[in-house]
Amino acid sequence: MTVHWHVAGAGAIGGYFAHQLRRYGCDVTLLTHRPSDGTRALTLETGENIETLLFPECPIGQSGRIDHLLITTKAFQVTEVFDALVSALAPDATVLIMVNGLSWLQSIETTRHPVQVCAGTTTTGCYRSNRDHIHRAGLGATQVGHLSAHKAMMEKPPPGIAELLRSTPDSYWSTDIRSILFNKLAINCAINPLTALYNVNNGGLLEGSLNDEFHSVIEETRTIFSALGYTGVATDLGQKAITVARQTAANTSSMCADFNARRRSELEDILGYLLDTLKPEAASEVDTPHLDQLLFALREKEAPYAK
Ligand code: KPL
């Protein structure tokens, strides 16, 4: 039987996966909060190819039964989307959440639901030149794993995920997705807020006096992860954050782009989550003056358009 994925949040990344899945042979329906005439044409442009596909689109809440749900919204929309769709999910449905930031983790884990929840992250870089035109700027790796703590579930992909992994180049199943998500969170904490405050591309963090701030932010982020027991994340962060800043030097980080567009950013899902949710869980007291100041300054800057 054809695997049918529903995609909530068909922005750059959601649209990219929708394309991959359709080209692989899956059915794909886009879910939307906007008025829709029932279809949406999405163009995907890569270095080698440009293709437009027509997708069925339906309002969230009128989808009928969902067997496989990909959530690629902003992090602060995940819980709301999940709650709006949970009654439409088949009892053995698979949900895959691929967003920046982890503010949604606890609420999804504590909501009672029978479905299999996976999470993933990708380093493939996508952006949109208009609402329906996606550009794949760089091809990276995609990792997906089960959020369950049960070993048997962590070991093999639930229904639909194997097709998604096969549909997308450089995609892997991970038996320890949490470490990968925390690694990604740490990198986002080190790069995104500073770029948003100073309105610089990622490479700007490697230059002049900003580089000193970048190192202080990395150091404090490392200390929190170390106190939380994520030793691997803490040990690798310095090298990884610098490598990502170098490899994506010309990119505007997602948070910097949100600040520039004066729309709500994922500040609270990334740095707010680190300082307000994770840091208090640390086994020992951690002093983070640079991060505290950064969060304070960005909250002030975002206040006029955060809601
Ligand atoms: O994930 C990113 C983002 O912009 O959100 C990084 C890794 C910082 C790349 O720009």
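Worth saying up front: this structure is predicted, and the values here are computed from it rather than measured.

A. Fine view of the site of the ligand. Around the ligand sit Asn100, Lys184, Asn188, Ile191, Asn192, Asn202, Val244, Ser253 and Ser254, and those are all the residues in its vicinity. At a separation of 3.0 Å, an oxygen atom of the ligand approaches a polar side-chain atom of Asn192. Protein burial of the ligand: of its 280 Å² of free accessible surface, 84% is covered by the chains. Ranked by the residues each element gives to the shell around the ligand, the list is headed by helix H6 (residues 177-198), at 4 residues. Looking at the shell around the ligand residue by residue, the classes come out as 2 nonpolar, 6 polar and 1 charged.

B. Fine view of the packing of helix H7 (residues 208-227) against helix H11 (residues 289-302). It is at 8 Å that the axes of H7 and H11 come closest, and there the two elements cross at 110 degrees. Viewed along their axes, H7 and H11 adopt a mutual orientation that is roughly perpendicular. The residues of H11 that touch H7, namely those facing Ser216, Val217, Glu220, Thr221 and Ile224, are Pro289, His290, Leu291 and Leu294. Tallied by class, residues from the contact of H7 with H11 come to 5 nonpolar, 3 polar and 1 charged.

C. Looking closely at the layout of surface pockets. Counted as a void, the second largest pocket has a volume near 220 Å³. Taken together, 14 residues make up the lining of the second largest pocket; nearest its centre are His113, Val115, Val117, Leu147 and Ser148. Going through the elements one at a time, helix H3 (105-110) and strand S7 (116-122) are the ones with two or more residues in the lining of the second largest pocket.

D. Layout of the nonpolar core. One finds Leu69, Ile97, Trp104, Leu185, Phe214 and Phe225 to be the most contacted residues of the largest nonpolar core, which totals 71 residues. Considering every element that reaches this core, the biggest residue donor is H6, with 12 residues. Beyond its immediate sequence surroundings of up to four residues, Ile97 is in contact with Ile71, Val78, Trp104, Ile108, Val117, Cys118, Ala119 and Gly120. Leu53, Leu96, Cys118 and Ile134 belong to the second-largest nonpolar core, a separate cluster that totals 27 residues.

Calculation criteria
Residues numbered from 1 in each chain as written. Predicted model: local features only at pLDDT ≥ 70, side-chain atom pairs only at ≥ 80, totals over all residues. Heavy atoms only, no water. Near = heavy atom within 4 Å. Polar contact = N/O pair within 3.5 Å; in protein donor to acceptor, adjacent residues only side chain to side chain. Areas by Shrake-Rupley, 256 points an atom, 1.4 Å probe, with all protein chains shown as cover. Helix = DSSP H or I, 4+ residues; strand = E, 2+ residues; numbered from the N terminus. Nonpolar A, V, L, I, M, F, W, Y, C, P; charged D, E, K, R; others polar. Axes fitted to C-alpha atoms, helices over the stretch in contact; angles between N-to-C directions. Parallel < 35°, antiparallel > 145°, perpendicular 65-115°, else oblique. Contact = heavy atoms within 4.5 Å. 1 Å grid on protein atoms, 1.4 Å probe; cavity = no way out; pocket = protein on both sides within 12 Å on 5 of 7 lines; lining within 4 Å. Points joined across faces, edges and corners; volume = space filled by probe spheres on them. Core = buried A, V, L, I, M, F, W, Y, C linked by side-chain atoms within 4.5 Å. Buried < 20%, exposed > 50% of the residue type's maximum accessible area, 1.4 Å probe, protein only.

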